[in-house]
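# Secondary and tertiary structure notes
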Amino acid sequence: MIEVNNIHKSFGDSHILKGISTSFEKGKTNLIIGQSGSGKTVFLKCLLGLFTPDEGTISYNGNIYDDLSASQQRNLRQEMGMVFQGSALFDSLTVEGNVMFPLEMFTKQSKSEMQDRVDTVLKRVNLIDAHHKFPSEISGGMQKRVAIARAIVMNPKYLFCDEPNSGLDPKTAILIDNLILEITKEYDITTVINTHDMNSVMEIGEKIIFLKNGHKEWEGTNKEIFKTDNAAVTDFVYSSELFKKVRQMYIEERN
Amino acid sequence: MNYIASIGSYFIMIRELFKKPTKWSIMKSLILKEIDELVFGSLGIIIFISFFIGGVVTIQTALNLTNPLIPESLIGFAARQSVILEFAPTFTSIIMAGKVGSYITSSIGTMRVTEQIDALEVMGVNSLNYLVFPKIIALMLYPFAIAIAMYVGIFGGWVAGVFGGFTTSASYIEGIQLDFIPYHITYAFIKSIIFAFVIATIPSFHGYYMKGGALEVGKASTTAFVWTSVAIIILNYVLTQLLLG
């Protein structure tokens with residue numbers, strides 16, 4: 001479980017995060033949504049320890065990150081998996097090399113043990129014939145799956161995804177969403193996903209946090225978000241014509 | 001003020017890159033890869049440039065020796081001194097700042113832009129140690145390339161001098177043996193090692209701390225080349241004063 005307590009973050013004169021408090025539960029897919037510039041990425045990078053909050057605390061299973069020693073922080077980071085927006089696969093390594101990288105770096109496993117683990121996770125993300133291909137030789141959807149495989153290869157306790165669906169067609173996006181949901185349940189991990197994709201909200205949003213101008217504007221589930229009266233949330237959720245029509249139908253049906 | 005902050009950040013980077021070393025089995029392969037990329041991959045251009053620089057120095061020396069009282073062996077002597085003391089270590093380093101330096105800045109900068117460095121950090125890897133340290137170690141073989149540059153430069157002088165009709169083979173060889181001071185080779189190698197460190201670290205600094213997108217990667221490469229060259233030229237002056245003055 002991750003608990004966030006009143007975090008603030010500024011860059012120069014720009015106050016990006018303005019006192020966010022929330023918690024992310026184990027075994028659930030937690031979504032952070034909001035418009036571009038609302039502070040989602042900065043918030044996620046604070047959760048990952050890439051940015052240090054100016055104020056407030058973030059604790060992982062009760063351990064406040066800033067109170068941990070440097071080596072404890074590094075150990076904690078090894079319990080985190082991250083899927084970046086652009087996948088962030090290492091160009092110079094093959095698919096297999098990318099997934100094996102954390103194992104080679106942090107474990108003392110034999111080559112065959114590492115190979116078995118890589119085969120298992122690549123099979124889990126439905127990538128069987130791409131072991132020896134380089135990132136530039138595979139599609140965006142496949143790159144995302146490799147990034148997920150790399151993120152879970154060390155059996156993480158926390159999985160973070162920054163817009164995992166960006167740049168993907170709707171069908172592949174749903175596949176990726178479902179894969180993340182399945183992995184969250186299967187490995188019983190705390191998953192935090194940064195997105196502005198409403199399909200993801202509907203499909204896998206077990207807990208949703210809506211950020212607006214660096215504030216937490218709303219918090220709830222994917223069932224609740226479509227019924228909320230919060231104007232900022234409804235503006236965001238129903239910004240597309242499709243969702244506007246769906247809402248209209250819902251209101252008509254209810255009446 | 002910005003320059004002072006950048007110099008401070010550069011030295012902080014140097015300190016950070018020695019912390020939390022990467023596993024030796026991985027580091028070993030990274031070093032070998034960088035030796036291949038940075039040193040062996042540069043030998044072609046080093047040999048090419050050195051050969052012609054040696055040739056040009058010889059021709060220019062020969063054309064300026066109009067006094068019949070000055071022995072012809074001075075052509076070989078001047079070529080040797082110029083190549084060993086300056087052209088091989090310093091001129092080659094400026095070229096390497098462009099070739100190797102821009103490669104280092106753009107490769108690390110692209111990793112920054114595409115969040116590959118963030119990915120390393122999230123995993124708990126000391127990205128500076130992983131990316132920059134192998135380049136420093138690989139470039140410690142740079143004096144080996146400079147030794148080749150010296151040899152090829154002097155050979156280029158011989159080819160230009162003899163086949164261009166400016167001197168005879170015997171007087172050129174006599175010239176390159178004249179008053180030879182072995183310490184000059186040591187001086188050149190000391191300079192090379194220091195320039196190698198500069199070529200590995202200044203471009204890495206500009207790539208690692210760059211912000212923005214593809215355009216900024218290009219700009220960072222140019223800035224890195226300028227600052228690496230400035231550092232080499234200033235250090236060349238300081239080292240010459242310290243070691244030969």
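Predicted model only: the values in this text are computed from it and were never measured. (Residues numbered from 1 in each chain as written. Chains lettered and ligands numbered in written order. Predicted model: local features only at pLDDT ≥ 70, side-chain atom pairs only at ≥ 80, totals over all residues. Heavy atoms only, no water.)

### Focus: the overall build of chain B
Tallying secondary structure elements over chain B gives eleven helices and zero strands in all. Seen through its C-alpha atoms, chain B measures out along the principal axes to roughly 70 × 40 × 35 Å. Buried residues in chain B amount to 48% of all 245 residues. Looking at chain B alone, contacts between residues at least 24 apart form 86% of all its contacts between residues at least 6 apart. Of the roughly 11,400 Å² of accessible surface on chain B, a fraction of 73% belongs to carbon and sulfur atoms. (Helix = DSSP H or I, 4+ residues; strand = E, 2+ residues; numbered from the N terminus. Buried < 20%, exposed > 50% of the residue type's maximum accessible area, 1.4 Å probe, protein only. Contact = heavy atoms within 4.5 Å. Areas by Shrake-Rupley, 256 points an atom, 1.4 Å probe, with all protein chains shown as cover.)

### Details of the domain arrangement of chain A
Residue and element names in this part refer to chain A. Assigned domains within chain A: domain 1 (1-79 + 158-221) and domain 2 (91-155). Measuring from the centre of the C-alpha atoms in domain 1 to the corresponding centre in domain 2 gives 24 Å. Counting residues at the interface gives 14 residues for domain 1 and 14 residues for domain 2. Each partner contributes to the roughly 1,200 Å² buried at the junction of domain 1 and domain 2, and carbon and sulfur atoms together form 68% of this total. Summed over the three residues of domain 1 that lose the most area to domain 2, namely Gln78, Leu179 and Tyr187, the buried surface amounts to 42% of that side. Where domain 1 packs against domain 2, one counts four residue pairs in polar contact (both at pLDDT 80 or more). With eight residues, helix α6 (residues 170-187) is the single largest residue contributor to the side of domain 1 that touches domain 2. In terms of residue class, the side of domain 1 that touches domain 2 is made up of eight nonpolar, three polar and three charged. (Domains from an automatic or database assignment. Buried area = accessible area lost by both parts, 1.4 Å probe. Polar contact = N/O pair within 3.5 Å; in protein donor to acceptor, adjacent residues only side chain to side chain. Nonpolar A, V, L, I, M, F, W, Y, C, P; charged D, E, K, R; others polar.)

### Examining the interface of chain A and chain B
With 23 residues of chain A in contact, the opposing surface of chain B contributes 17 residues. Across the chain A/chain B interface, buried area totals approximately 1,800 Å², and carbon plus sulfur atoms make up 64% of it. Here chain A and chain B share three salt bridges between them. A salt bridge links Glu121 of chain B to Arg77 of chain A; the nearest nitrogen and oxygen atoms lie 3.7 Å apart. There are five residue pairs in polar contact (both at pLDDT 80 or more) connecting chain A and chain B. Elements that contribute at least two residues to the side of chain A that touches chain B include exactly α1 (40-48), α2 (70-77) and α3 (95-106) of chain A. The element contributing the most residues to the side of chain A that touches chain B is α3 of chain A, with six residues. (Salt bridge = Lys/Arg side-chain N within 4 Å of Asp/Glu carboxyl O.)

### Description of the nonpolar core
Core analysis: the largest hydrophobic core is formed by 89 residues, its most contacted members being Ile2, Phe43, Leu47, Tyr60 and Phe160 of chain A. It is helix α4 (residues 73-113) of chain B that provides the largest number of residues to this core, a total of ten residues. Sequence-distant contacts of Phe160 of chain A, defined by excluding residues within four places in its chain, comprise Ile2, Leu44, Leu47, Leu48, Tyr60, Met80, Gly81, Met82, Val83 and Val192 of chain A. Val121, Leu168, Val237 and Phe243 of chain A belong to the second-largest nonpolar core, a separate cluster that totals 47 residues. (Core = buried A, V, L, I, M, F, W, Y, C linked by side-chain atoms within 4.5 Å.)

### With respect to a nonpolar patch on the surface
All names here are of chain B. A contiguous nonpolar surface patch, about 910 Å² in accessible area, is contributed by Tyr3, Phe225, Val226, Trp227, Val230, Ile234, Tyr237, Val238 and Leu242. Of all the elements, helix α11 (residues 214-244) adds the most residues to the nonpolar patch, at eight residues. Turning to its location among the elements, Val230 is positioned in helix α11. With relative accessibility at 31%, the residue Val230 sits in the partly exposed group. (Patch = residues over 30% accessible without salt bridge, like charges linked within 9 Å, V, L, I, M, F, W, Y side chains within 5 Å.)

### Quick notes on the sheet that holds strand β1 (residues 2-11) of chain A
Strand order in the open sheet formed by four strands is β2-β1-β4-β5 (chain A), with antiparallel pairing between adjacent strands. Each edge of the sheet is formed by a strand with only one pairing partner; in this case those strands are β2 (14-24) and β5 (63-64) of chain A. (Pairing = 2+ DSSP bridges.)

### Looking at the side chain of Thr191 of chain A
Residues and elements named next belong to chain A. By the element assignment, Thr191 lies in strand β8 (residues 190-194). What makes Thr191 buried here is its relative accessible area of 0%. Residues contacting Thr191, with those up to four places away along its chain left out, are Lys28, Thr29, Asn30, Leu159, Ile180 and Thr184.

### Regarding the pairing of β1 of chain A
Look at any regular strand and the pattern is simple: side chains alternate between the two faces of the sheet. Residue and element names in this part refer to chain A. As paired elements, β1 and β2 share eight bridges and run antiparallel to each other. Paired with Ile7 across the two strands is Ile20, which belongs to β2. Turn length for the β1-β2 hairpin, with the two strands adjacent in sequence and antiparallel, is two residues, and the turn residue Gly12 shows positive phi of about 60°. Where β1 and strand β4 (residues 55-60) come together, five bridges link them in antiparallel fashion.

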